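Here is how the chains run, residue by residue.
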Amino acid sequence: MRRYRVAFALVVLVCASTLGYSYVSSPANAAVTTYAQQADLPADERTQVVPTRDNVTVVAGHGMKGESAALVAFGPDGRVLYHNDTFHGYFDVDPVTGTEMTVEYVAERNYEGDDCDGKCTVSAVERLNLSTGDIERVYSRIIPADRGANWHDVDRLGEDRLLVGAINTDEIYVVNTTTGMTTWEWSTKQAYPISGGGPYPADWAHLNDVEKLADGRIMTSLRNQDAVAFIDPETGVQGNWTLGEDGAHDILYEQHNPDYINESNGGPAAIVADSLNDRIVEYQREDGSWEQSWVWSDDEMKWPRDADRLPNGNTLIADTNAHRVLEVNETGETVWSAEFYAPYELERLGTGDESAGGPSAAAAGLDSRGADSVPNASETTSVAGFTPRKVSNSISFVLPVWMGMIDGALALLLALTLLVWAVLEYRNASFSLSFQWPVRRE
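Bear in mind that the values here come from a model prediction, so they are computed numbers and not experimental data.

Undergrad: Kindly report on the pairing of strand β22 (residues 324–328), identifying the contributing residues and their values.
TA: A regular strand carries its side chains on alternate faces of the sheet. Most of β22 is tucked away: 5 of the 5 residues are buried. Side chains R324, L326 and V328 project from β22 onto one buried face, and the interleaved V325 and E327 project onto a second face that is buried too. Two successive antiparallel strands, strand β21 (residues 315–319) and β22, enclose a turn made up of 4 residues, where H323 displays a positive phi of approximately 55 degrees. Here β22 pairs with strand β23 (residues 334–339) via 5 bridges, running antiparallel. In the sheet register, E327 faces β23, and the bridge partner there is W336. A loop of 5 residues connects β22 with β23, the two strands running antiparallel in sequence, and G332 in this loop sits at a positive phi of about 90 degrees.

Here's what the structure looks like:
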């Protein structure tokens, strides 16, 4: 008895102390607290919390289960310029044309109202003036929450028109924000069989990005089909332009936020956060097909979900499960980085919307790094739709802010140890129980 008690006590002590240290020392956990605390101070009392960089950097944080999601803006001096955590998730963030300090963002929060049958979510597009903190609700809808995620991206088409990518219905539509009327729509089901992708209808295509191109076409990301599709509003999907295909994980693997680089900047090209391949990749359009032209990754990268090419050739990256945002230069060196819990997207104001002002990798002569990051066959073997990379990233995503994969394993070991210890102690308890039927037969 004494031996196993000592052994169990040592395991509990080691696991608990290690988890405690991770909790107090986690950079992501500390960053969540620091940015919120700094935002509560008067502007002239705030201190530098991230490295300095030209122009304002705005980061939208996804968070998890309504916790630690935040929209944060860092000034050029590295101090917190703005912080908001009233929503349960922040996604797309875009600069507003003709302004210097105004952005529009997509966010969502739980909704429980009389007009909701069960559990619902409100998805919203809001306009924020970073100088004054003034917020204007542009457009919103109440959506049943049993269909998974809702909106991750919108694209402004004009003063009162938005192009909306709806994950909950796997559709794209144009809405007039003044009248609330839908003026055009397209469904993924028009071009893709429901036998592919994710489970239908709950999270089938996971349409997570839309972008209106200068030539009138629409580019969209169908995450669960591993494809970036190009849509003619009149005729539908242009099959010969599709980048990737369902299950072709050596090309794309459940990607996010592709940006189109047009001919005037060295394209046609597309820079993509190739999420489950743990890399940023760019493809150049050559002789009617897509050819990989650049890739970037490092040992820390884990499930990136955004990459913007800046006018100087540098690339901004949101690395979700590594809990960081960073900027790499033309040689692949990291020139700026900051800790941030589960970042989804980021923007550098003054550089254009997403990658609109940036050159293609081929035009800028960018050096690749981590080009061998495509998974091998064992990493893409699927069981019930899940691969090792997908499982590990899913676990990382649901863990608390401060907990890494090793911490998660230690927490599981601690729970199992306590359970087994309790069972053994119960079995060896020095008491017994007896029961007597309360009714006797005479």
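Continuing now.
Undergrad: For helix α2 (residues 27–39), give the residues involved together with the corresponding values.
TA: If you check α2, its first and last C-alpha atoms are 18 Å apart, about what 13 residues at 1.5 Å a residue would give, namely 18 Å. Among all positions of α2, only A28, N29, A31, Y35 and Q38 are buried.

Undergrad: Which residues make up the sheet that holds β23, and what are the values?
TA: Read across the open sheet, the 4 strands follow the order β20-β21-β22-β23; overall the sheet is antiparallel. The open sheet is flanked by β20 (304–309) and β23, the only strands paired with a single partner. Ignoring which end each strand starts from, the neighbouring axes of this sheet average 15 degrees apart. Pairing of β21 with β22, which is carried by 5 bridges, proceeds in the antiparallel orientation. Bridge pairing links T315 to V328 in β22.

Undergrad: How would you sum up the packing of aromatic side chains? Please name residues and give values.
TA: For the structure shown, the criterion picks out 11 aromatic pairs. Between Y139 and W151, the aromatic rings sit 5.3 Å apart at their centres with planes inclined by 5 degrees, giving stacked as the arrangement. Here the residue Y139 occupies a position in strand β7 (residues 135–144), and W151 occupies one in strand β8 (residues 151–158), the gap between them amounting to 12 residues. Each of the two residues, Y139 as well as W151, counts as buried. Clustering of aromatic rings is evident, with ring pairs tying together F230, W241, Y260 and W290. Across the ring face of F87, the terminal group of R109 is positioned such that the distance to the ring centre comes to 4.0 Å. In this arrangement the basic side chain of R309 is found over the ring face of W294, its NZ or CZ atom lying 4.9 Å from the centre.

Undergrad: Got a sec to walk through the environment of I261? Specific residues and values, please.
TA: The topology assignment puts I261 in strand β16 (residues 256–261). Measuring from C-alpha to C-alpha, the distance between I261 and A361 comes to 9.7 Å, with 100 residues separating the pair along the chain.

Undergrad: An account of the pairing of β16 is needed here, citing residue identities and associated values.
TA: Where burial is concerned, most of β16 is hidden: 6 out of the 6 residues are buried. Two elements, β16 and strand β17 (residues 269–274), share 4 bridges in a ladder whose sense is antiparallel. The residue of β17 that forms the bridge with D259 is I271.

Undergrad: Before we move on, could you go through unusual backbone geometry and cite the residues and values that matter?
TA: Peptide bonds are mostly trans, and most non-glycine residues show a negative phi. In this model, Y200 is joined to P201 through a cis peptide bond whose omega is 0 degrees. As for its placement among the helices and strands, P201 is situated in the loop between β11 (182–187) and β12 (207–212). Across the junction of G267 and P268, the peptide omega takes the value 0 degrees, indicating a cis bond. In this model, N257 sits at a positive phi of 50 degrees, which is unusual for a non-glycine residue. For N257, the location among the structural elements is in strand β16. In this structure N257 comes out as buried when scored by relative accessible area, which is 1%. Unusually for a residue other than glycine, D278 sits at a positive phi of about 50 degrees.

Undergrad: So what's going on with the state of the cysteines? Which residues, and what values?
TA: Inspection of the entire model under this criterion finds 1 disulfide. Two residues, C116 and C120, share a disulfide whose sulfurs are 2.0 Å apart. Handedness here is read from the sign of the S-S torsion; for C116 and C120, about 100 degrees, the answer is right-handed. Given a relative accessible area of 5%, C120 falls into the buried group.

Undergrad: How would you explain a nonpolar patch on the surface if you had to name every residue and give the values?
TA: A cluster of nonpolar residues, L412, L416, L419 and V423, forms a patch on the protein surface that exposes about 370 Å² of accessible area. In this fold, L412 is placed in helix α6 (residues 405–427).

Undergrad: Explain the side chain of Q284 to me, using residue names and the numbers behind them.
TA: With respect to the secondary-structure elements, Q284 resides in strand β18 (residues 279–286). The class for Q284 is buried, based on a relative accessible area of 7%.

About the thresholds
Residues numbered from 1 in each chain as written. Predicted model: local features only at pLDDT ≥ 70, side-chain atom pairs only at ≥ 80, totals over all residues. Heavy atoms only, no water. Buried < 20%, exposed > 50% of the residue type's maximum accessible area, 1.4 Å probe, protein only. Helix = DSSP H or I, 4+ residues; strand = E, 2+ residues; numbered from the N terminus. Pairing = 2+ DSSP bridges. Expected span 1.5 Å × (residues − 1). Axes fitted to C-alpha atoms, helices over the stretch in contact; angles between N-to-C directions. Phe/Tyr/Trp six-rings, centres within 6.5 Å; stacked < 30°, edge-to-face > 60°. Lys NZ or Arg CZ within 6 Å of the ring centre and 35° of its normal. Disulfide = S-S within 2.5 Å. Patch = residues over 30% accessible without salt bridge, like charges linked within 9 Å, V, L, I, M, F, W, Y side chains within 5 Å. Areas by Shrake-Rupley, 256 points an atom, 1.4 Å probe, with all protein chains shown as cover. Salt bridge = Lys/Arg side-chain N within 4 Å of Asp/Glu carboxyl O.

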